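# Structural overview for review
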Amino acid sequence: MEVCIFFLYAMILLPGIVASVHQVKSFLNHTAYLSCYFPNSQKTDIKDLRIFWQKGDVEVVHEVYYGQEKHDNLSPKYINRTKMDMDEWTLQLLNAGIVDEGQYTCIIQHRDNGSPKVIHTSECLLHIIANYSQPEIARLHTGELKSNKHLNLSCSSSGGYPKPKQMTWLISHENTTHRLMRHMDVSQDAVTKLYNVTSKLNITVPTNTLTNISCLLHLGEQLGSLVSVPLGIEIQGEEMEQVKINFFGPLIAVIILITFLLGFVILKKNRNILSTNQSKLLLLSFSSTVPQVTGFAL
């Protein structure tokens with residue numbers, strides 16, 4: 001351990017050695033790839049090199065001692081979790097977790113006349129990413145929605161890392177979208193270190209138009225955003241209901257009046273036909289009862 005710290009100290013003092021920091025991202029519980037970015041322009045044999053990977057100033061992650069992997073000085077939490085790709089000069093960190101985040105330094109020494117000399121260093125800053133669940137909107141009260149009443153909603157997402165930047169509410173209607181910023185509650189699991197986030201919205205129930213409400217979770221630069229499934233709301237206001245009553249009321253009255261008049265005309269017509277038929281029957285009956293008069297002989 002002291003040897004590794006000495007190498008880092010020597011690296012800082014030696015002229016011509018500049019450590020460049022490379023950003024590395026890895027998904028939670030996947031393999032993280034940490035490259036030494038060593039060009040090896042001299043085609044130096046691996047057997048003439050000592051390669052150290054360390055995290056911070058005290059934790060030895062991996063060591064290749066003149067062509068052979070050495071485990072004597074490794075930090076316990078990295079035992080059986082690392083592999084070195086000698087062709088690509090890349091360290092594979094298996095099952096990367098949130099506790100593995102941080103800065104890693106690769107130090108390469110060349111054996112020169114018996115004494116090792118630092119010929120290359122590079123630094124990687126490891127970031128762990130865990131996918132958040134799709135944001136989900138939920139109503140915080142039960143019962144029928146009514147116009148001009150308050151609508152209480154919550155939007156939640158869980159199981160993600162790192163901590164998100166913010167959550168935005170999107171309210172869209174009539175080709176217009178409004179963005180509302182509300183407080184975002186953030187909690188972190190003590191064991192998994194994953195984050196859960198929730199935001200709440202309280203607005204007046206929109207009326208007389210179709211309104212879509214969504215929430216957008218901003219994860220940060222280069223990580224993008226997640227959007228919820230829109231919640232659609234369409235409530236008719238009391239004024240619209242009154243308009244319907246004012247419009248359909250007279251129309252129904254007119255239809256009833258027309259129906260009544262048609263019925264009256266048909267009934268009157270049927271009565272006239274019946275009266276005519278009865279008159280004909282009376283005439284026929286009267287003519288059949290009158291006796292015929294015959295002539296007398298003189």
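The structure presented is a predicted model; accordingly, all values stated were derived computationally and were not measured.

About the thresholds
- Residues numbered from 1 in each chain as written.
- Predicted model: local features only at pLDDT ≥ 70, side-chain atom pairs only at ≥ 80, totals over all residues.
- Heavy atoms only, no water.
- pLDDT = per-residue confidence, 0-100.
- Contact = heavy atoms within 4.5 Å.
- Helix = DSSP H or I, 4+ residues; strand = E, 2+ residues; numbered from the N terminus.
- Buried < 20%, exposed > 50% of the residue type's maximum accessible area, 1.4 Å probe, protein only.
- Polar contact = N/O pair within 3.5 Å; in protein donor to acceptor, adjacent residues only side chain to side chain.
- Pairing = 2+ DSSP bridges.
- Axes fitted to C-alpha atoms, helices over the stretch in contact; angles between N-to-C directions.
- Patch = residues over 30% accessible without salt bridge, like charges linked within 9 Å, V, L, I, M, F, W, Y side chains within 5 Å.
- Areas by Shrake-Rupley, 256 points an atom, 1.4 Å probe, with all protein chains shown as cover.
- Salt bridge = Lys/Arg side-chain N within 4 Å of Asp/Glu carboxyl O.

Our next topic: the confidence of the model for the chain. On average, residues of the chain score 80 in pLDDT, and 73% of them reach the 70 mark or higher. For the stretch residues 1–18, pLDDT sits under 50, and the model shows 26 contacts to residues farther than four places along the chain or on other chains. Within the model, pLDDT remains below 50 along residues 239–248, and this stretch shows five contacts once partners closer than five positions in the same chain are excluded.

Moving on, we come to the environment of isoleucine 129. Structurally, the position occupied by isoleucine 129 is in strand β9 (residues 115–129). Accessibility expressed as a relative area gives 13% for isoleucine 129, which makes it buried. Residues isoleucine 129 and glutamate 101, spaced 28 residues apart in sequence, show a C-alpha to C-alpha distance of 9.9 Å. Once you skip the residues sitting within four places of it in the chain, isoleucine 129 turns out to touch Lys25, Ser26, Phe27, Leu28, Tyr161 and Leu223.

Moving on to the side chain of histidine 120. Inspection of the secondary structure puts histidine 120 in strand β9. Of the residues examined, histidine 120 reaches a relative accessible area of 13% and is grouped as buried. Separated by 2.7 Å, the side chain of histidine 120 and the backbone oxygen of cysteine 36 make a polar contact. Excluding anything up to four places from it in sequence, histidine 120 contacts Cys36, Tyr37, Phe38, Pro39, Cys106, Ile107 and Ile108.

So, on to the sheet that holds strand β14 (residues 184–188). With antiparallel pairing, four strands are arranged side by side in an open sheet as β10-β11-β15-β14. Since the sheet does not close on itself, it has two edges, and those belong to β10 (136–139) and β14, each with one partner. Each strand axis lies, on average, 25 degrees off the axis of its neighbour in the sheet, ignoring direction. By the bridge criterion, four bridges tie β10 to strand β11 (residues 150–160) in an arrangement that is antiparallel. The partner of isoleucine 137 across the bridge, within β11, is cysteine 155.

To continue, consider unusual backbone geometry. Following tyrosine 161, the chain continues into proline 162 via a peptide bond in cis, with omega recorded as 0 degrees. Considering the arrangement of structural elements, one finds proline 162 in the loop between β11 and β12 (166–173). Unlike most non-glycine residues, lysine 43 shows phi in positive territory, near 55 degrees. Mapped onto the secondary structure, lysine 43 falls in the loop between β2 (32–35) and β3 (49–55). Phi is positive for asparagine 80, close to 65 degrees, though the residue is something other than glycine. Given a relative accessible area of 72%, asparagine 80 falls into the exposed group.

On the surface, a cluster of nonpolar side chains totalling about 290 Å² of accessible area is made up of Ile258, Leu262 and Ile266. Along the chain, isoleucine 258 falls in helix α2 (residues 238–289).

Here the focus is the sheet that holds strand β5 (residues 68–69). Strand order in the open sheet formed by six strands is β1-β9-β8-β3-β4-β5, with mixed pairing between adjacent strands. Pairing within the sheet leaves two strands with one partner each, and these edge strands are β1 (21–27) and β5. Relative to β9, strand β8 (residues 102–112) runs antiparallel, the two being bridged by eleven bridges. From the neighbouring strand, glycine 102 faces β9, where its bridge partner is leucine 126.

In total, this model carries three salt bridges according to the counting rule given. With its nearest N and O atoms 3.6 Å apart, the salt bridge here joins aspartate 48 to arginine 111. With a gap of 63 residues between them, aspartate 48 in the loop between β2 and β3 and arginine 111 in strand β8 connect regions that are remote in the sequence. The partly exposed category is assigned to arginine 111, whose relative accessible area is 37%. Residue arginine 81 pairs with aspartate 100 through a salt bridge whose shortest N-O separation is 2.6 Å. Pair noted here: arginine 81 is in the loop between β5 and β6 (82–85) and aspartate 100 is in the loop between β7 (90–93) and β8, with a separation of 19 residues, a long-range link.

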